[in-house]
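Here are the chains, one letter per residue:
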Amino acid sequence: MFGLMPNCRLDLKKPYYCMADYQGAEARWCPGCGDHAVLATVQRLCRDKQLPPEKTVFVSGIGCSSRFPHYMRTYGFHGLHGRALPVAAGIRMRRPDLHVFVVMGDGDCCSIGTAHWVHTIRYNMKMVVMLFDNEIYGLTKGQTSPTSRAGTRSSTHPSGSVLPGLNPLPITLGVTNVSFVAQTVDWNPAHMMATLDAAYEHPGFAFIRIIQRCPHFAKGLHEELLANPDRTLYLDHKQGITLPDEVARMYKNRARHDPSDLIAALTHAMRTDVIPIGLFFQDRSRTRYDVYGAANINTPPERKEAMLNRELDRFAV
Amino acid sequence: MKPGGATEPPSGTANPDRAPDLPDLERIPIEEHIVEIVSDSGEGAQKAGQSFGTLSAKMGNGVWTVEIIPAEIQPPQRSRAGASGIRIRLGSGKVTNMGDTADLVVAFNEQVLYSRIEQGALRQGTLVLLENKWATSNMPEIREAWVRARADFERAGLDVREVPMETECLKLTDNPFRGKNMWVLGLLCHLYQRDLEKAEDQIRTIFRRKGDQVIDLNLKLLRAGTTWARTHLGFYYDLPTRMSDQPLVVMNGNEAVGLGAMASGMEVCSMYPITPATSVSHYLSEVFRDAGGVVHQAEDEIAAIGFAIGCSYAGKTAFTVTSGPGLALKDEFIGLAVMAEVPLVVVVVQRGGPSTGLPTKVEQSDLLSALYAQPGDPPKIILAPATIEECFHFMITARQLAELTRGPVIVLTDANLATGVQPYPRPQFKREWLAPPIDQSPWKPGVPAYDWDPETGFSQRPIPGQKDGMYVLTGLAHDEGSHVAYDPETHERGCNRRSRKVAAFQSTLKSPKVHGEGAGDLLLVGWGSTMGAIEEAVDKARKRGARVSSLHLRILSPFEPGLREIFGGFKKVMTIELNYSDSLADPYITPGNRRYAQLAWLLRAKTLVDVDCFSVVHGHPLQPAMILEVIEGELARLHGQPGRRLETAAPLATGKDPSCLA
Ligand SMILES: Cc1ncc(C[n+]2csc(CCOP(=O)(O)OP(=O)(O)O)c2C)c(N)n1
Ligand SMILES: [Mg+2]
């Protein structure tokens, strides 16, 4: 726990957390599953931000990706399918001192948990929210997900799914009081790291869709994307998610996109010819429900007693 | 005049401010009375009635008020279904329920009276003070309806006196629609010889936000109503009042729940609107923020309970409040709270079901659902307050039990408690009621998150922020360390420890007390809001020599000990409930396949005693007369006489036609 800080200074009084301090149980995801990469990057983020593990909570629903909290050594809440967000909101409401992270699968967030997805965006409470979108139901063995693209052969649609896949980005961007929407891919750790960093620093509900590979049930789904860098559109802006030049150079296909421009964000989000990565939208000044919620957390017992007596006086006969 | 009568004699001293003698008027001595004010919605009958009730409580009468709620928000005027109003039962002693039929009704039009007749709320001889402006309406159909109604009421035996409310109010205001209610309050103040100064104070309180002009006008209306009644009605009621020795508060059950939550130091009320539960949050929304709390109106009931569970997991006390359909949505999370041992208070204000059912009406149909509707084995504590006072105190107990047993505690109230208003002794705040501040000291290294005491199943929980306490809460089967584990021993052990907590709690309980004698012919067993009506009926029957007693259960899971022994003292045991049960007179139904009322079902299983049941789903609170009839029928049959078996689900008052008011 004690040790060198990233700048090689040594501070013996302050605990220094290293990667191992964030590592929980051994991850049981399939080899090649994109979740491994996210886990490693998130652990790095925690290390870089020196988040005290006891002040950090990972909340998830149910699904392969929702096993995530078990693999961290922080507090965790592995709750119900689709219901991570209400729980995370409840944790956040009266505990502004905690760092709250949410992990959801595409079924979790975009199907069973849709109501909470929409409404928690609007609550805009400070937390980092990761949608692990593998376009399939992993844990329950390969059923069609709402985000599965048309024609997906799955255990529920063996001859191909019927409907076009639901694109979560414009929905998220379209919700009133949205404050941060970004997209990244599991196979670019530098971009993922920069995205998580921006999300962590965002004063509000930071929503990241992570395009995630499932080698077992959605084999080869992103092969083309990986093979052809031009299929990725790198959203580039000094207010956005910036990459070191040597990484950014990989992406020939770039667009200057100002993340304060919601309409442009929606236009990019709805593109199907390319996959945009980066920051679609950010507004640091949106109304925050957690600020309202925590305003009176330090009410002393004397005040509670006085209020109760005032009320009893009001009801007195 | 001796106090008591049908109602329990109170402690306290006779009120020295007795009404002055009014020699020119007939004095009618009474020990208790049931008054109703009914109107179209929006005419303020409820406000007048509530003020009258509070005023009467202040003068030292026992009071129970219950709202008469129309089925629609804006029903058409002068419609039978639109009857909106209030019933106030007054007594020289304590009043515990809404009683049977009304003695006096003030009606703002004749049509709303029909619905009271249809509901069996009136009897022959009920005095009706009826607004008579409709008799001279310029619309012929209204005049005709009036004439028809007067004839119907005559035939039904109502004692109708016309009152020129509109004409009198017009002398003071151009908008009698708004002012009539306070004029009526004045009229009632004369009839029951209420202290006018207290009534005026009451008006100043209700209209405090409306400004002096409004207050002045309403004071004038009040005095005018009093003067008119004194000069025109020719009589008054003499109802003894007795000032209580102790300070009292008066409120409805939902306000008591909200106030109890505040007194218990809870910080969060997380809810989604649903009748009849919502008014808990209406009340809290006015005051909670100043008292260090917050009401969260979630996007649905699932989110509401998930949010409360999140708060609780993070060490902050929270409760969620709902009614039947909302409970159904919350069940998956209640199961998680059981499995992962998250303290949580869930208040269920029951209404008629299944499905959307009877949103504004009372039923006690969610007991089995609360107990069993979650997947797997979900041991938990269920409490049921029987009075408005208990609605307050049970919230404090529920929070403490939830934390002690590290799990959900369900508090079952109902629409009758939610809207009933009754005075009770003012609670004396104790600091230990408040939830202690959250523990953020380091967790003892090596102690697992579920360090189950092998005997009691209890364990302490780590709270985020506690160093070295990190664990991942999960709804999957898990071991002491909250590690997911599917092996048979671990799951058996987890289920066993969670169940043991309930048994350990039960071992601290005493046997419940029987009302009446501990042995006899018949024991009635009830739960929840029906206590007042059941005990009143039992008392009346005992006065006539019947060997009947009653037992009221407040803890429904686990049961208090000693029930089988208590039941052994009686020839017959039956529950009295507001939920559905099959009638043995129905086709196909035999004692073997009969679906029993919910408490009866549980008691039969737990005690192996052949507990019978009487239950109805008529949507209104149980009334003493109906229970008395059940008692008499059962006792007659126990003694080998041809006693009528009051069939379940067959309401006593079937007066659809006003002429059968008997
Ligand atoms: C109420 C409820 N319904 C259904 C399930 C079964 N279930 C568990 S995970 C899951 C879907 C998982 O897919 P996704 O959310 O995309 O997560 P992934 O496994 O792909 O990471 C389903 C349907 C459940 N646990 N609870
Ligand atoms: Mg998935």
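Quick caveat: nothing in here was measured; it's all calculated off a predicted structure.

Next up on the list: the overall build of chain A. Broken down by element type, chain A carries eleven helices and eleven strands. By the compact-globule yardstick of 20 Å for 317 residues, chain A fits well, its C-alpha radius of gyration being 21 Å. Taking the principal axes of its C-alpha atoms as reference, chain A extends roughly 75 × 55 × 40 Å. Within the span of chain A, comprising 317 residues, buried residues form 55% of the whole. Restricting to contacts in chain A with at least 6 residues of sequence separation, those with at least 24 account for 66%. Surface accessibility of chain A: about 13100 Å² in total, with carbon and sulfur atoms responsible for 56%. For chain A, the distance from the average position of its 36 positive side-chain charges to the average position of its 29 negative side-chain charges is 1 Å.

Quick look at the packing of helix H8 (residues 253-263) of chain B against helix H13 (residues 388-405) of chain B now. Residues and elements named next belong to chain B. Where H8 meets H13, the axes come as close as 7 Å, and the angle between the chain directions of the two elements is 25 degrees. Relative to H13, the element H8 lies roughly parallel. The way H8 lies across H13 gives a crossing that is right-handed. Contacts between H8 and H13 involve Gly253, Ala256, Val257, Leu259, Gly260, Ala261 and Ala263 on the former and, on the latter, Ile388, Cys391, Phe392, Met395 and Ile396. Split into classes, the residues belonging to the contact of H8 with H13 amount to ten nonpolar, two polar and no charged.

Let us look at the coordination of the magnesium ion (ligand 2). Residues and elements named next belong to chain A. All of the protein donors around the magnesium ion (ligand 2) are Asp106 (OD), Asn134 (OD1) and Ile136 (O); their distances to the metal are 2.1 to 2.2 Å. Binding-site remark: the magnesium ion (ligand 2) is held by donors from one chain whose sequence spacing is D-x27-N-x1-I. With aspartate 106 in helix H3 (residues 106-112) and isoleucine 136 in strand E5 (residues 136-137), the pair connects residues that are 30 residues apart, well separated along the chain. Each member of the pair, aspartate 106 as well as isoleucine 136, carries the same accessibility label: buried.

Here we come to the side chain of serine 39 of chain B. Residue and element names in this part refer to chain B. Position of serine 39 relative to the elements: it lies in strand E3 (residues 32-39). Here serine 39 falls in the buried class, since its relative accessible area comes to 1%. For serine 39, the residues in contact, after removing those within four places along its chain, are Ala45, Gly82, Ala83, Ser84, Phe108 and Val112.

This part covers the sheet that holds strand E20 (residues 514-515) of chain B. Within a beta sheet, neighbouring strands are joined by backbone hydrogen bonds and run either parallel or antiparallel to one another. Residue and element names in this part refer to chain B. Here we have five strands laid out as an open sheet, ordered E20-E22-E21-E24-E25, and mixed in their pairing. Edge positions in the sheet fall to E20 and strand E25 (612-615), since each of these pairs with one other strand and no more. In terms of strand pairing, strand E21 (residues 520-527) meets strand E22 (residues 548-553) through six bridges, oriented parallel. Across the sheet, the residue bridging to tryptophan 527 is leucine 553, located in E22. The strands touched by helix H16 (residues 531-543) within the sheet are E20, E21, E22 and strand E24 (570-577), with E22 carrying the most contacts at an inclination of about 165 degrees. Together, E21, E22, E24 and E25 form the strand contacts of helix H19 (residues 624-638), whose direction differs from that of E24 by roughly 155 degrees.

Tallied over the entire structure, the rule returns 56 salt bridges over all chains. Measuring nitrogen to oxygen at the nearest pair gives 2.8 Å for the salt bridge that ties glutamate 135 of chain A to arginine 149 of chain A. Here the residue glutamate 135 of chain A occupies a position in the loop between strand E4 (127-133) and E5, and arginine 149 of chain A occupies one in the loop between strand E6 (143-144) and helix H5 (168-174), the gap between them amounting to 14 residues. Residue aspartate 521 of chain B is joined to lysine 571 of chain B by a salt bridge in which the shortest nitrogen-to-oxygen separation is 3.0 Å. Taken together, the positions of aspartate 521 of chain B in strand E21 and lysine 571 of chain B in strand E24 put the pair 50 residues apart, joining distant regions of the chain. Each of Lys572, Arg594, Asp612, Glu634 and Arg637 of chain B takes part in a single network of salt bridges with overlapping partners.

For the rest of this paragraph, the subject is helix H15 (residues 488-506) of chain B. Residue and element names in this part refer to chain B. The first and last C-alpha atoms of H15 sit 27 Å apart over 19 residues, in line with the 27 Å expected at 1.5 Å per residue. All of the buried residues along H15 are Thr490, Gly494, Arg497, Arg498, Lys501, Val502, Ala504 and Phe505. For H15, the elements touching its buried residues are helix H11 (324-339), strand E16 (381-383), H13 and strand E23 (555-557).

Our focus in this paragraph is the site of ligand 1. Neighbouring ligand 1 are 17 residues; Cys64, Ser65, Gly107, Asp108 and Leu139 of chain A lie closest to it. What surrounds ligand 1 is not a single chain but chains A and B. At a separation of 2.7 Å, an oxygen atom of ligand 1 approaches a polar backbone atom of cysteine 64 of chain A. In this structure, serine 65 of chain A approaches ligand 1 through a side-chain N or O atom, which is 2.7 Å from an oxygen atom. Burial of ligand 1 by the protein chains amounts to 77% of its free accessible area of 590 Å².

Turning our attention to H19 of chain B. An α-helical turn contains 3.6 residues, so a residue and the one three or four places further along point in the same direction. Residue and element names in this part refer to chain B. Between its first and last C-alpha, H19 extends 21 Å over 15 residues, near the 21 Å set by a 1.5 Å rise per residue. Taken together, the buried positions of H19 are Pro624, Met626, Ile627, Leu628, Val630, Ile631, Gly633, Glu634, Leu635 and Ala636. Glycine 640 sits one or two positions beyond H19 and adopts a positive phi of about 75 degrees.

It is worth spelling out the packing of helix H1 (residues 35-49) of chain A against helix H6 (residues 189-201) of chain A at this point. All names here are of chain A. Contact geometry for H1 and H6: axes closest at 10 Å, N-to-C directions at 50 degrees. Compared by their axis directions, H1 and H6 come out oblique. Considering only the axes of H1 and H6, their crossing is right-handed. Contacts between H1 and H6 involve Ala37, Val38, Thr41, Val42, Arg44, Leu45, Asp48 and Lys49 on the former and, on the latter, Pro189, Met192, Met193, Leu196, Asp197, Tyr200 and Glu201.

Another point: the domain arrangement of chain B. Residue and element names in this part refer to chain B. Domain annotation for chain B reports domain 1 (24-245), domain 2 (249-432), domain 3 (441-508) and domain 4 (514-638). One C-alpha centre belongs to domain 1, the other to domain 4; they are set 36 Å apart. Taken together, the eight residues of domain 1 in the interface contact nine residues of domain 4. Counting the surface lost from both domain 1 and domain 4, the interface buries some 680 Å², and carbon and sulfur atoms represent 43% of this.

Here the focus is the interface of chain A and chain B. Counting residues at the interface gives 56 residues for chain A, matched by 67 residues for chain B. For the pair chain A and chain B, the summed buried area comes to about 5200 Å², and 63% of that belongs to carbon and sulfur atoms. Together, Tyr75, Phe315 and Val317 of chain A form the three largest contributors to the area buried by chain A at its contact with chain B, with a combined 15%. We note a salt bridge from arginine 94 of chain A to glutamate 267 of chain B, for which the minimum N-O separation is 2.8 Å. Remark: the boundary between chain A and chain B carries 29 residue pairs in polar contact (both at pLDDT 80 or more). For the side of chain A that touches chain B, the elements supplying multiple residues, two or more each, are strand E2 (75-78), helix H2 (84-94), helix H4 (114-123), helix H10 (289-293) and helix H11 (301-315) of chain A. Broken down by element, the residue count for the side of chain A that touches chain B peaks at 14 residues, all from H11 of chain A. Looking at the side of chain A that touches chain B, its residues break down into 27 nonpolar, 13 polar and 16 charged.

One pass over the full model with this rule turns up 25 aromatic pairs over all chains. Through pairs of rings, three or more aromatic residues link up here, namely Trp29, Phe58, Phe68, Tyr71, Phe101, Phe132 and Tyr200 of chain A. One cation-aromatic arrangement involves lysine 126 of chain A over tyrosine 200 of chain A; the distance from NZ or CZ to the ring centre is 5.3 Å. In this structure, arginine 604 of chain B packs its charged tip against the face of tyrosine 596 of chain B, placed 3.9 Å from the ring centre.

Moving on, we come to the pairing of strand E15 (residues 344-350) of chain B. Residues and elements named next belong to chain B. The buried fraction of E15 amounts to seven of the seven residues, a majority that puts the element mostly inside the structure. Of the two faces of E15, the one holding Leu344, Val346, Val348 and Gln350 and the one holding Val345, Val347 and Val349 are both buried throughout. Bridge count for strand E14 (residues 318-322) against E15 is four bridges, and the pairing is parallel. Counted as the bridge partner of valine 321 is valine 347 from E15. With H11 bridging E14 and its parallel neighbour E15, the resulting β-α-β unit is right-handed. Bridging between E15 and strand E17 (residues 408-414) involves seven bridges; their strand directions are parallel. Looking across to E17, one finds that leucine 344 is bridged to proline 408.

Criteria and cut-off values
Here the residue index of a chain counts from 1 through its sequence in written order. A letter from A marks each chain and a number from 1 marks each ligand, given out in the order of writing. Predicted model: local features are reported for residues with pLDDT of at least 70 only, side-chain atom pairs are reported and counted for 80 or more only, and whole-chain, interface and lining totals are derived from all residues. As a convention, hydrogens and water are excluded, and side-chain values are obtained from all of the structure's heavy atoms. Where helices and strands are cited, they refer to DSSP runs of H or I of at least four residues and of E of at least two residues respectively, numbered from the N terminus. What the globule rule says is 2.2 Å times the number of residues to the power 0.38, and the radius of gyration is computed from C-alpha atoms. Accessibility here uses a 1.4 Å probe with only protein chains present; expressed as a share of the type maximum, an area under 20% marks a residue as buried, one over 50% as exposed, and anything in between as partly exposed. Any two residues having at least one pair of non-hydrogen atoms within 4.5 Å are treated as being in contact. Per-residue and other accessible areas were derived by the Shrake-Rupley procedure at a 1.4 Å probe size, with only the shown protein chains allowed to occlude residues. Only four residue types enter the charge count, namely Lys and Arg as positive and Asp and Glu as negative; His and the chain termini do not. For charged residues, the charge sits on one atom: NZ in Lys, CZ in Arg, CG in Asp, CD in Glu. Simply put, an axis is a line fit to the C-alpha atoms, just over the touching stretch for a helix, and the angle between two N-to-C directions goes from 0 to 180 degrees. In what follows, roughly perpendicular refers to angles from 65 to 115 degrees, roughly parallel to angles under 35, roughly antiparallel to angles over 145, and oblique to any angle outside these ranges. The crossing is said to be left-handed when, going from far helix to near helix, the turn is anticlockwise and less than a right angle, and right-handed when the turn is clockwise. Put simply, Ala, Val, Leu, Ile, Met, Phe, Trp, Tyr, Cys and Pro go in the nonpolar bin, Asp, Glu, Lys and Arg in the charged bin, and everything else, Gly too, in the polar bin. For Na, K and Ca the donor cutoff is 3.2 Å, while for all other metals N, O and S atoms must lie within 2.8 Å; water is not among the atoms, so some sites may look incomplete. Following DSSP output, two strands are said to pair if at least two bridges run between them. What makes a salt bridge here is a side-chain nitrogen of Lys or Arg within 4 Å of a carboxyl oxygen of Asp or Glu, nothing more. Given the number of residues in a helix, its expected span is that number minus one, multiplied by 1.5 Å. Near, as used in this document, describes a residue that has one of its heavy atoms within 4 Å of the molecule or strand being considered. For the purposes of these results, a polar contact is taken to be a pair of N or O atoms within 3.5 Å, where, inside protein, one atom must be able to donate a hydrogen and its partner to accept one; residues adjacent in sequence count only when each atom of the pair is a side-chain atom. What fixes the domain bounds is an automatic or database domain assignment. Buried area adds together the accessible area that both of two parts lose upon being put together, with accessible area traced by a 1.4 Å probe. Here the aromatic set is Phe, Tyr and Trp, taking the six-membered ring for Trp, and pairing holds for ring centres within 6.5 Å; pairs whose planes are under 30 degrees apart are stacked, those over 60 apart are edge-to-face, and all others are tilted. By definition here, charges over rings are those cases where NZ of Lys or CZ of Arg is within 6 Å of the ring centre and within 35 degrees of the ring normal. Handedness rule for crossovers: strands pointing away from the viewer, path from the first strand over the helix to the second running clockwise, crossover right-handed.

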